[in-house]
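Coordinate analysis (summary)
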Amino acid sequence: MKLATRINSFLSTYDNDLNTVFEAFNKLGLGYVDLNYPEHVEGIDAFHMKEQLAKNNLKLNGVALRFRNEFINGELGNADSSIAESALRLCKAAADYCRDAGGNVVTIWLGFDGFDYSFQINYQKVWNQIRDAFIEIADYAPGLQISIEYKPFQPRAYAFIDSMGVAGMLLNEINRKNVGVTLDYCHMLMKHENPAFAADIFGNQGKLYGVHLNDGYGLNDDGLMIGSATPIKTLEFLYYMKKNNYDGAIYFDTFPIIEHASKECEQNMKMIKLLAEIIDTVGLDHIQTIIDKNDAIEANQLMIDFWSATSK
């Protein structure tokens, strides 16, 4: 299992020293790292970053774009063409860094492409602009996986790419083999999606490029420890990942603000390993037979079987 976790949470715990954070990851037994671009790489060239990671038995899974300052009214879909072009250049630079540092996935979350008021944006123009930008990024970096992460809101009242449906429509129009999606568990709960639904659809299409695992109550991007609020939904999500042979990294996108970052990460690791063991114990084939019955009582009994599996 390829496991990674948030660097930002560890930076505040370990005096903002990236190398100390990598050492902590190594001690925890994590194998992969996702870097925010450009904030985590400033002053560190890609080849040196690759060496730093290797020194701690870590590999780069990929980079995640972080847009600041000039982009607060939109990134790739910004109405100001010079700002939109700047966002596009940042994505291409991130792809270059990812490739040189040994990564494979460029995750693009357009947190500011959206709107807060009616009559604020030209929807079709923004759609075309974002679609064409992704096509250009995909063609610029054909050897990398370009992954769209969606979220329904925050920081905008309405995000432009807000759901599995909109993301799927966009993938269809982009029409590039190397463009897929990153599913953030909390983001899906915020949209009132069932996370397993998206995991099965995108996973079956070979378009699931990234997984951000966490938990929450659906009204906010809570970033709680895995399985703490919706354990059954988490089990179903992991089942479809396993069924569709997802082989990418599972990124713990949790927010240990009060908790110690390493201890919180250890709990996430314990939980995901337990849930994976439960699925293996009950068995993929048995779970599928229950699903195929389309029977609520049988589905409820399956939950009892899951909990019974922990005592075996």
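Whatever comes next refers back to the structure up there.
The notes below deal with the structure included here. All values reported here derive from a predicted model rather than from experimental measurement. (Residues numbered from 1 in each chain as written. Predicted model: local features only at pLDDT ≥ 70, side-chain atom pairs only at ≥ 80, totals over all residues. Heavy atoms only, no water.)

Looking at helix H10 (residues 261-282)
An ideal rise of 1.5 Å per residue puts 32 Å on 22 residues; H10 measures up with 32 Å between its terminal C-alpha atoms. Buried within H10 are the following residues: Ala261, Ser262, Glu264, Cys265, Asn268, Met269, Ile272, Leu275, Ile278, Ile279 and Val282. Within two residues after H10, glycine 283 carries a phi angle of roughly 100°, on the positive side. (Helix = DSSP H or I, 4+ residues; strand = E, 2+ residues; numbered from the N terminus. Expected span 1.5 Å × (residues − 1). Buried < 20%, exposed > 50% of the residue type's maximum accessible area, 1.4 Å probe, protein only.)

Considerations on the environment of tyrosine 209
With respect to the helices and strands, tyrosine 209 occurs in strand S9 (residues 208-213). On the basis of relative accessibility, which here comes to 8%, the residue tyrosine 209 falls in the buried class. With 27 residues separating them along the chain, tyrosine 209 and threonine 182 place their C-alpha atoms 5.6 Å apart. For tyrosine 209, the residues in contact, after removing those within four places along its chain, are Val105, Gln145, Ile146, Ser147, Lys177, Asn178, Val179, Gly180, Val181 and Tyr246. A distance of 2.8 Å separates a polar side-chain atom of tyrosine 209 from the backbone oxygen of lysine 177. (Contact = heavy atoms within 4.5 Å. Polar contact = N/O pair within 3.5 Å; in protein donor to acceptor, adjacent residues only side chain to side chain.)

Some points on the packing of aromatic side chains
The full count for this structure, using the stated rule, is nine aromatic pairs. Residues tryptophan 127 and phenylalanine 160 carry aromatic rings whose centres are separated by 6.3 Å and whose planes lie at 50° to one another, so their mutual orientation is tilted. Of this pair, tryptophan 127 sits in helix H5 (residues 123-140) while phenylalanine 160 sits in the loop between strand S7 (158-159) and helix H6 (164-174), and the two are 33 residues apart along the sequence. Both residues of the pair, tryptophan 127 and phenylalanine 160, belong to the buried class. (Phe/Tyr/Trp six-rings, centres within 6.5 Å; stacked < 30°, edge-to-face > 60°.)

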